[in-house]
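# Understanding the architecture of this molecule
So you can see what is in the structure, the chains are spelled out below.
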Amino acid sequence: MPTRHLTLFLISVLLINFSCKNPKDNPPEKGVSFALNEYRKKNITNIQYAVELAIPAQKSEKILGKQTITFDLKSLDSALVIDFNAGKDHIISVSSGSKEIAYEFVNEHIVVKPDQLVKGKNEIRIRFIAGDLSLNRNEEYLYTLFVPDRASTCFPLFDQPNLKASYDLTLKTPLAWEAVSNGSLKEKTTSGDTSIYHFEKTKAISSYLFAFAAGKFFKSTKTIGEREMTMYYRETDSAKVVRNRDEVFNLHAKSVTWLEDYTAIKYPFGKFDFVLIPSFQYGGMEHPGSIFYNESALFLDENAPVNKQLARASVIAHESAHMWFGDLVTMDWFNDVWLKEVFANFMAAKIVHPAFPEINHKLRFLLAHYPGAYEVDRTVGTNPILQKLDNLKNAGTLYGGIIYLKAPIVMRQLEKKIGENMMRESLREYLKTYSFGNARWDDLIGIIDKRTPLDIAGWSKVWVKTPGMPEYELIGEKDEIGIRQKKDSVSKRIWEQPTVVYWKEKFAQGTVKINLTDLSQLVRKPDFPAMIFPNFNGEGYGYFKMDSVSEDHFFVHYNKTGDTLLSDPVFRGAVLVNIWEGFLRGDGEAPVQLLNDLLDILPKENNALISDYFLGNLQTVWWTFLSEQERKQNQERAEKELWSLLENTTDKGMKNSYFKAFRSIAVTENGLRKLEFLWNDQIKVKELILSEDDKIAIACELALKGNADGKGILAKQLSNTKNMDRKARLQFVIPALSPDQAERDAFFESLKKEENREHEAWVLEALSYLHHPLHAKSAVKYLRPSLDLLREIQLTGDIFFPQRWLHNTFAGHSDKESADVARAFLKANPEYPYFLKNKILQSTDMVERAVKMKK
């Protein structure tokens, strides 16, 4: 069902993709343009890299490298463009055969003229100094992170996903260091104070998937079935390692076994190792044969809540699924990056079901995906799932809540439309057809379209290729109640989807299945005044406006014994998500009333997933939507309720969640005293086990909230912290907690230097303290400089850093002055890159809503 607006949108994508300059006639631009990508894809094949890197013991010393690039050329009608975004001064020599050859260095590329090349097989050798941007060098270890286009910041290559190649890697490291890469270890030798690791040649993989890590790592190996796995890690708490180790291995084994069965393809990459890295930028990264994880995501604290356990299982399942969806079959161009992510998330949701039979997985899917997707999709800066991309240097901006959270919801819709069997068979054909190659979303749609009479391509144009979310309204009152899609922002766009509506009258109740369109669909001809709960099973996507009578009934009778529906956690979760959406849109209660409703029903909730969702919303209302005076008026009750729940709950995981919520909002003398006594072990809460991370967090909260001896508490915590990685992180963030404004100002100024932003997780934590609501007024002056830095951060940081930088900068602000700073910045920069403009609009949306609500 194409429309004028939809057609224009699709045409604009094509124009951006195909209006790029011809690389044969023009020097290459920075990054990899779509035109260069297409030209090289057609003309370069059979690529192999032999890379050798000598890693010194000192972080400050240069890493010297040499490599041989072997490839076949189909044509000599253009210069050869090799990507190397480390600088001309990092090139030592370029040679072919036995002699050096002439080259030019243009816009981060090594350009070799055709007269230095031959049709057919070519071999180019390059000696170079490796760039540090994506090597994540620490004093005792380093690791690569080359997604989406960062391999070329380290060594020269053709850095685009559809030029798959094999990699033959040799690493020379300090003697005591371990090393791991995609390939199996072929040989390890020593020479003096150096270890030499030579890895087996990989199968054909995309450049962003090539990886290695080296350093002082512990390692543990386990064989499950016939699969041997090795885990590398830095954690020094041996009890924590022992407590988590077997479950980490088992979750990987179960995920791979499930995927082999679902895809009918054995694990395709031989070796299966994983590396756990402190403060890793993502939850995980799917390098075949060597998955990297954030260490804290897999090594959980004792009595971790169910959400943490589910998150660990999910990230393991997600990265394991990537071995097939993303690694075996890779997107042709990064505009389809969502395709690998949606299937990883979609498969992960299926995989974790057998691992957690006690969990309500419908509820888990609802709460893990819908709120986060709405957080982006309700903003004016939202984006479609399938986005446009003109140059790989901008590929990192495509990542976000839409591809990770909305796309799995849409994929579930597709599976329901065509059936689980057809989905599985279509995916098997897709993987078999494009194994060790590249594919697009439309290639999969073509496979499905052959199997079904449904208009899947038309469905895809709305749900995948246009931005936003539908809104639905109830119409009619006494004689007839219906539901329909509200007028859409795109003319004639119809978000077709099924939903179930629940109705309740004095003497009757029931459900109605409806296929939602822009036409009114009958819900009920009531005999008595009716309460209506649209989307009661939580599967419909969008905002379903509720009436106040139904909302009041829901809160008054919350989780009432004997009420079959209100005792259903999926129903409660779906209505709570919808009520929250209505609150943010100004259709619900005032912030103080919602806070009190949440505090009233929190003790009545016995489902840990919903309770965690409650606590997140409660803290957002508290810090973002309440005025300072309103917080003071409700402070005593909020602290009392949370402390009571913390002491009395028998759920060990929820005890930890209540503790973190109490820690967040406590500011009274009594509340801070309790935190300090917990921190120094003067009081104990039964079965609340505080980890080293928890102790650090308490110390930071006490310093932030003005404890008289905050400086002393931080100094003592620094001394008490045993893990050197956590100690370094705490040392970094301490200036952001200073009561001295000048010291906080100096710390913010230091973040303007790229070298001070190397540890992104540390920077983000420090930003959350600098911009905490208690410091917000004094931090407004940081907002405009933070926006001014955004383009640099996008070029030098990893893929999620720009969005997280913005989020942690604005999340603590909720006043008009802060909103005005963002508005003024965008007004002063009308030509600002649209993808970064959208990130700003997404990150400031909550500020705008808070300002509007406080008027």
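This one's a predicted model, so the numbers in the text were calculated from it and none came from an experiment. (Residues numbered from 1 in each chain as written. Predicted model: local features only at pLDDT ≥ 70, side-chain atom pairs only at ≥ 80, totals over all residues. Heavy atoms only, no water.)

The number of helices and strands found in the protein chain is 29 helices and 28 strands. A compact globule built from 855 residues should have a C-alpha radius of gyration of about 29 Å, and the protein chain, at 28 Å, falls within 12% of that. Over its C-alpha atoms, taken along the principal directions, the protein chain stretches across nearly 90 × 70 × 60 Å. Across the 855 residues that make up the protein chain, the buried fraction comes to 60%. For the protein chain, long-range pairs separated by at least 24 residues make up 72% of all intrachain contacts whose partners lie at least 6 apart in sequence. On the protein chain, roughly 34,400 Å² of surface is accessible, and the fraction owed to carbon and sulfur atoms is 49%. (Helix = DSSP H or I, 4+ residues; strand = E, 2+ residues; numbered from the N terminus. Rg over C-alpha atoms; globule rule 2.2 N^0.38 Å. Buried < 20%, exposed > 50% of the residue type's maximum accessible area, 1.4 Å probe, protein only. Contact = heavy atoms within 4.5 Å. Areas by Shrake-Rupley, 256 points an atom, 1.4 Å probe, with all protein chains shown as cover.)

Now for the pattern of salt bridges. Taken as a whole, this structure holds 54 salt bridges when the rule is applied. Arg726 serves as the salt-bridge partner of Glu235, at 3.1 Å between the closest nitrogen and oxygen. On the criterion of sequence distance, the pair formed by Glu235 in the loop between β16 (227-233) and α3 (238-263) and Arg726 in helix α21 (residues 724-733) is long-range, its members being 491 residues apart. A single burial state applies to Glu235 and to Arg726, both of which are buried. Via salt bridges that share partners, Arg378, Glu471, Lys486, Glu581 and Arg585 belong to a single interconnected network. (Salt bridge = Lys/Arg side-chain N within 4 Å of Asp/Glu carboxyl O.)

With that settled, consider the sheet that holds strand β6 (residues 104-106). Within the open sheet, the three strands sit side by side as β3-β7-β6. Their pairing is antiparallel. The sheet is open, and its two edges are formed by β3 (80-83) and β6, each paired on a single side. Geometrically, the sheet is characterised by an average inter-axis angle of 30° between neighbouring strands, direction not taken into account. Where β6 lies against strand β7 (residues 109-112), three bridges are found, and the strand directions are antiparallel. (Pairing = 2+ DSSP bridges. Axes fitted to C-alpha atoms, helices over the stretch in contact; angles between N-to-C directions.)

Attention now moves to the layout of surface pockets. Sizing a probe to match a water molecule and rolling it over the atoms shows the empty space that remains. If you add up the space inside the second largest pocket, you get close to 620 Å³. Around the second largest pocket, the lining comprises 33 residues; the ones closest to its centre are Asn85, Glu108, Asp149, Lys393 and Leu795. Broken down by element, the lining of the second largest pocket gets its largest block of residues, four residues, from helix α26 (residues 790-796). Broken down by class, the residue content of the lining of the second largest pocket amounts to 10 nonpolar, 13 polar and 10 charged. (1 Å grid on protein atoms, 1.4 Å probe; cavity = no way out; pocket = protein on both sides within 12 Å on 5 of 7 lines; lining within 4 Å. Points joined across faces, edges and corners; volume = space filled by probe spheres on them. Nonpolar A, V, L, I, M, F, W, Y, C, P; charged D, E, K, R; others polar.)

Residues Val147 and Pro148 are joined by a peptide bond in cis, for which omega reads -5°. Mapping Pro148 onto the fold places it in the loop between β9 (141-143) and β10 (165-174). Even without glycine at this site, Glu108 takes up a positive phi of about 70°. Along the polypeptide, Glu108 turns up in the loop between β6 and β7. The partly exposed category is assigned to Glu108, whose relative accessible area is 23%. Its identity is not glycine, yet Ser279 carries a phi of approximately 55°, on the positive side.

All right, on to helix α13 (residues 569-584) then. An α-helical turn contains 3.6 residues, so a residue and the one three or four places further along point in the same direction. Its 16 residues give α13 an end-to-end C-alpha distance of 22 Å, which sits within 8% of 22 Å, the value for a rise of 1.5 Å per residue. Its side-chain oxygen placed 3.1 Å from the backbone nitrogen of Val570, Asp568 serves as the N-cap of α13. Following α13 by one or two positions, Gly586 adopts a phi angle in the positive range, close to 85°. (Expected span 1.5 Å × (residues − 1). Polar contact = N/O pair within 3.5 Å; in protein donor to acceptor, adjacent residues only side chain to side chain.)

Right, let's get into the side chain of Arg227. Turning to its location among the elements, Arg227 is positioned in strand β16. With a relative accessible area of 19%, Arg227 lands in the buried category. Within polar-contact distance, the side chain of Arg227 engages the side chain of Glu260 at 3.0 Å. Arg227 has contacts with Lys222, Val256, Glu260, Tyr267 and Phe272, leaving out every residue within four places of it along the chain.

Our next topic: helix α28 (residues 816-828). With 13 residues, α28 should reach 18 Å at 1.5 Å per residue; the first-to-last C-alpha distance of 18 Å fits that figure. Lining the buried residues of α28 we find α25 (783-788), α27 (801-810) and α29 (834-854).

So, about the packing of aromatic side chains. The final tally for this structure, using the stated rule, is 59 aromatic pairs. With centroids separated by 4.4 Å and ring planes inclined at 10°, the aromatic side chains of Tyr167 and Phe210 adopt a geometry described as stacked. Taken as a pair, Tyr167 in strand β10 and Phe210 in the loop between β13 (194-199) and β14 (212-215) lie far apart in primary sequence, 43 residues in all. Residue class for Tyr167 comes out buried when judged on its relative accessible area of 1%. With relative accessibility at 2%, the residue Phe210 sits in the buried group. Centroid distance Tyr502 to Phe571: 6.1 Å. Interplanar angle 70°. Geometry classified as edge-to-face. (Phe/Tyr/Trp six-rings, centres within 6.5 Å; stacked < 30°, edge-to-face > 60°.)

Turning our eyes to something else, we now look at the packing of helix α17 (residues 652-665) against helix α18 (residues 669-679). Two numbers describe a pair of packed helices, the interaxial angle and the distance between the axes. Orientation of α17 relative to α18, taken along the N-to-C sense of each, is 125°, at an axis distance of 9 Å. In terms of orientation, α17 lies oblique with respect to α18. Between α17 and α18 lies a crossing whose hand is left-handed. Along its contact with α17, which presents Phe659, Phe662 and Arg663, the element α18 presents Gly671, Lys674, Leu675 and Leu678. (Parallel < 35°, antiparallel > 145°, perpendicular 65-115°, else oblique. Left-handed = near helix turned anticlockwise from the far one by under 90°.)

Attention now moves to the environment of Glu52. Note on placement: Glu52 falls in strand β1 (residues 44-54). Considering only alpha carbons, one finds Glu52 and Lys504, 452 residues apart in sequence, at a separation of 70 Å. Filtering out sequence-adjacent residues up to four positions away, Glu52 remains in contact with Leu64, Gly65, Lys66, Thr170 and Lys172. Engagement of the side chain of Glu52 in a polar contact is seen with the side chain of Lys172, the distance being 3.3 Å.

Here the focus is the side chain of Thr499. Topologically, Thr499 is positioned in strand β24 (residues 497-504). According to the relative accessible area criterion, Thr499 is buried, its value standing at 4%. Excluding its chain neighbours within four sequence positions, the residues that come into contact with Thr499 are Val512, Lys513, Ile514, Leu516, Asn535 and Phe544.

Do not read the fine detail of predicted coordinates wherever pLDDT is low. With 96% of its residues at a pLDDT of 70 or more, the protein chain has an overall mean of 93. Within the model, pLDDT remains below 50 along residues 1-20, and this stretch shows 29 contacts once partners closer than five positions in the same chain are excluded. (pLDDT = per-residue confidence, 0-100.)

On to the sheet that holds strand β18 (residues 284-285). Taken together, five strands build an open sheet; the order of strands is β15-β16-β17-β19-β18 and the sheet is mixed. Pairing within the sheet leaves two strands with one partner each, and these edge strands are β15 (218-224) and β18. One ladder, built from four bridges, connects β16 with strand β17 (residues 272-277); its direction is parallel. From the neighbouring strand, Thr230 faces β17, where its bridge partner is Asp273.

Inspection of the secondary structure puts Val851 in helix α29. For Val851, a relative accessible area of 10% puts it in the buried group. In this structure, the C-alpha to C-alpha distance between Val851 and Asp815, residues 36 residues apart in sequence, is 5.6 Å. If sequence neighbours within four positions are ignored, Val851 has contacts with Ser814, Asp815, Lys816 and Ala819.

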